[in-house]
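# Overview (structure and organization)
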Amino acid sequence: DICSKRAITFNIDKEGFWYPEVNLNLCTDCGLCEIVCPVLNSETVKKGQLKEPKSVIANHKNIEVRFDSASGGMFTAYAECAFKNAYYVGGAIFTDNWGVINYVSNNREDLLKLRNSKYIQADAQGFYKQVKELLQAGEKVLICNLPCQIAALKNYLHKDYENLITVDLFCKGINSPKVFRKFLDSLEKKYESEIMYIKPKSKDLGWHNLTLKIVFKNGQTYYGTKDTDFFTKAFIYSNC
């Protein structure tokens, strides 16, 4: 997003992750991409953190919200408060083909899409630029993302905004979108139907089973727990 020459594109590598490639015919060697990269500037990013941040444990008071959330429903609490106070809210949503993108909206109905973890690499192209445009226009924004993405956003913005609230979520790592798509393809073949609904960490079979719930257009439902679901097990053991 920082490259005004559009010299950087993201292509899928052999393992199915998006990886940046630079078109040297367009690149002017300005160095802006290296300046905002949170990985290349990790020490600077760390210096900006609180030395002893206060920690609290909390969950949403509404049992229905907790039941419908991946964890304790705190993102929903933040988002509901933000929407109520005329904020834009940003996070990750599924696309129509079950990929994941970063998305920002001031429509409270989008909370259902933004809620819940997605567990695969998200496409963030254009997201940082959109957030900056909203902030510069005086809009209030709340963003919930992975720590690396929040660091990238703050580096990209290059200054603090009083109208921006960021929420980092604990991250175990990202999975390959290609592996996830192949997994879904195998289930669609088995159930002979397209997928219409995906729910990571469904509570239908209890709170501790990490159940992946998938509903198909023919009415069938798949429940895969941490002990039976191939994708969930691959994630837990950091295989993909």
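In case you missed it, the structure is sitting above this.
Residues numbered from 1 in each chain as written. Predicted model: local features only at pLDDT ≥ 70, side-chain atom pairs only at ≥ 80, totals over all residues. Heavy atoms only, no water.

Now for the sheet that holds strand β4 (residues 100–105). With mixed pairing, the four strands of this open sheet are ordered in space as β4-β3-β5-β6. With one partner strand each, in any of the chains shown, β4 and β6 (164–168) form the two edges of the open sheet. The mean inter-strand angle of the sheet, taken between neighbouring strand axes irrespective of direction, is 20°. With five bridges connecting them, strand β5 (residues 140–145) and β6 associate as parallel partners. (Pairing = 2+ DSSP bridges. Helix = DSSP H or I, 4+ residues; strand = E, 2+ residues; numbered from the N terminus. Axes fitted to C-alpha atoms, helices over the stretch in contact; angles between N-to-C directions.)

Moving on, we get to the sheet that holds strand β7 (residues 195–202). The antiparallel open sheet is built from three strands, whose spatial order is β7-β8-β9. On the outer flanks of this sheet lie β7 and β9 (221–224), each paired with one strand and no other. Each strand axis lies, on average, 15° off the axis of its neighbour in the sheet, ignoring direction. One ladder, built from four bridges, connects strand β8 (residues 211–216) with β9; its direction is antiparallel. Bridging from a neighbouring strand, V215 pairs with T221 of β9. Sheet strands in contact with helix α8 (residues 177–191) are β7, β8 and β9, and its direction is about 55° off that of β8. (Contact = heavy atoms within 4.5 Å.)

Where helix α6 (residues 127–136) contacts helix α7 (residues 147–157), the axes come no closer than 10 Å and their chain directions differ by 55°. When the interaxial angle is binned, α6 and α7 end up oblique. Crossing of α6 over α7 shows right-handed handedness. Residue-level inspection shows Y128, K129, V131, K132 and L135 of α6 in contact with α7, the latter providing Q149, A152, L153, Y156 and L157. Of the residues that constitute the contact of α6 with α7, the class distribution is seven nonpolar, one polar and two charged. (Parallel < 35°, antiparallel > 145°, perpendicular 65-115°, else oblique. Left-handed = near helix turned anticlockwise from the far one by under 90°. Nonpolar A, V, L, I, M, F, W, Y, C, P; charged D, E, K, R; others polar.)

This structure, assessed with the given rule, holds nine salt bridges. Taking the shortest distance from any N to any O, the salt bridge between K113 and D110 comes out at 3.4 Å. The class of K113 is partly exposed, set by a relative accessible area of 38%. Across the pair K217 and E194 runs a salt bridge whose closest N-O atoms are separated by 3.1 Å. Here K217 is found in the loop between β8 and β9, whereas its partner E194 is found in the loop between α8 and β7, with 23 residues between them in sequence. Using a relative accessible area of 54% as the deciding quantity, one classes K217 as exposed. Note on E194: relative accessible area 49%, which makes it partly exposed. If you follow the salt bridges from partner to partner, you end up with D68, R115 and K199 in one network. (Salt bridge = Lys/Arg side-chain N within 4 Å of Asp/Glu carboxyl O. Buried < 20%, exposed > 50% of the residue type's maximum accessible area, 1.4 Å probe, protein only.)

With respect to the helices and strands, F10 occurs in strand β1 (residues 8–12). Since its relative accessible area comes to 37%, F10 is described here as partly exposed. Setting aside residues up to four positions removed in sequence, F10 forms contacts with W18, Y19, P20 and Q125.

Purely geometric stuff here, so don't read any function into it on its own.
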